[in-house]
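Survey of secondary and tertiary structure
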Amino acid sequence: MFIGWIVLPVVGFLYLRFGYVPVAVDGPMIPFEELLAGTAVRARIAREAPAKAALAATEEHIVAGARIYRERCVECHGIPGSTPTPEAKGMFPPPPQFFDQKVMGNEPVGQNYWIIANGIRLSGMPGYKAALSEQQLWQVSQFMANRADLSASATAILSAK
Ligand code: HEC
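With that settled, consider the site of the ligand. With respect to spatial proximity, 23 residues lie near the ligand, and among them C73, C76, P95, S123 and M125 are the closest. For the shell around the ligand, the secondary-structure elements that each account for two or more residues are α3 (59-72), α4 (74-77), α6 (109-118) and α7 (134-145). In terms of residue class, the shell around the ligand is made up of 17 nonpolar, four polar and two charged.

Next up, the structure:
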């Protein structure tokens with residue numbers, strides 16, 4: 001029993017130190033990966049995400065959000081009717097394809113905002129706090145929250161070259 005307190009950390013250290021952790025994108029799951037990268041991330045976001053949006057989901061803000069998405073997010077997250085890019089296929093965890101019907105869910109806008117502002121560590125999701133203004137962060141968050149029901153002009157922006 002007592003000896004376990006010494007043996008376990010040593011075995012854990014050797015596992016890490018001697019290159020047994022599968023870190024390639026197509027490797028198997030690392031022990032505790034789901035707990036850390038899944039449960040812990042969701043719990044932290046639930047704790048910190050703002051409950052209310054700082055700006056309303058007007059057409060003007062959603063269109064502005066569509067422009068930001070077109071410029072910065074498409075390569076990883078796709079547009080309506082697209083298939084994942086080679087880069088998206090080469091990532092673990094894979095970036096969700098937001099216009100795939102399976103992920104058209106209505107996640108709360110504050111949750112989008114938190115993730116877009118802060119990013120998700122140990123995944124490819126960048127934090128955009130330094131790249132976008134507070135207003136732009138909320139615009140793209142509102143765009144995300146309303147993407148199942150976009151106007152024709154917002155949709156047109158997404159596929160514009
Ligand atoms: C370099 C690739 C990349 C770019 C660019 C990128 N993302 Fe992501 N994003 C990811 C990955 C990978 C995940 C999945 C993270 C995970 O599962 O832990 C993710 C997750 C997310 C999530 C959480 C989805 C969920 O199911 O909880 C949101 C919201 C998001 N991204 C929005 C955006 C927005 C908006 C932009 C552009 C401003 C953007 N991302 C740009 C790779 C990217």
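Helix length check: α3 (14 residues) gives 20 Å between terminal C-alpha atoms against 20 Å at 1.5 Å per residue, within 8%. Of all the residues in α3, the buried ones are H61, I62, A64, G65, A66, I68 and Y69. Elements that come into contact with the buried residues of α3 comprise α4, α7 and α8 (152-159).

Going from F92 to P93, the amide bond is cis rather than trans, its omega being 0°. Among the structural elements, P93 can be located in the loop between α5 (86-89) and α6. Although it is not a glycine, F32 adopts a positive phi angle of roughly 70°. With respect to the helices, strands and loops of the structure, F32 is situated in the loop between α1 (4-17) and α2 (33-48). One non-glycine residue, L122, lies in the positive phi region at around 60°. By secondary structure assignment, the location of L122 is in the loop between α6 and α7.

So, on to the packing of α3 against α8. For the pair α3 and α8, interaxial distance at closest approach is 8 Å and the crossing angle is 10°. What the angle tells us is that α3 and α8 run roughly parallel. Mapping the contact onto sequence places I62, V63, A66, R67, Y69 and R70 in α3 and S153, A154, I157 and L158 in α8. Tallied by class, residues from the contact of α3 with α8 come to seven nonpolar, one polar and two charged.

For the pair α3 and α7, interaxial distance at closest approach is 7 Å and the crossing angle is 95°. The orientation of α3 with respect to α7, classified from their angle, is roughly perpendicular. Along the contact surface, α3 presents H61, I62, A64, G65, A66, I68 and Y69, while α7 presents Q136, Q139, V140, Q142 and F143.

About the thresholds
- Residues numbered from 1 in each chain as written.
- Predicted model: local features only at pLDDT ≥ 70, side-chain atom pairs only at ≥ 80, totals over all residues.
- Near = placed C-beta within 6 Å.
- Helix = DSSP H or I, 4+ residues; strand = E, 2+ residues; numbered from the N terminus.
- Nonpolar A, V, L, I, M, F, W, Y, C, P; charged D, E, K, R; others polar.
- Expected span 1.5 Å × (residues − 1).
- Buried ≥ 20, exposed ≤ 12 C-beta atoms within 10 Å, placed from the backbone.
- Contact = placed C-beta atoms within 7 Å.
- Axes fitted to C-alpha atoms, helices over the stretch in contact; angles between N-to-C directions.
- Parallel < 35°, antiparallel > 145°, perpendicular 65-115°, else oblique.

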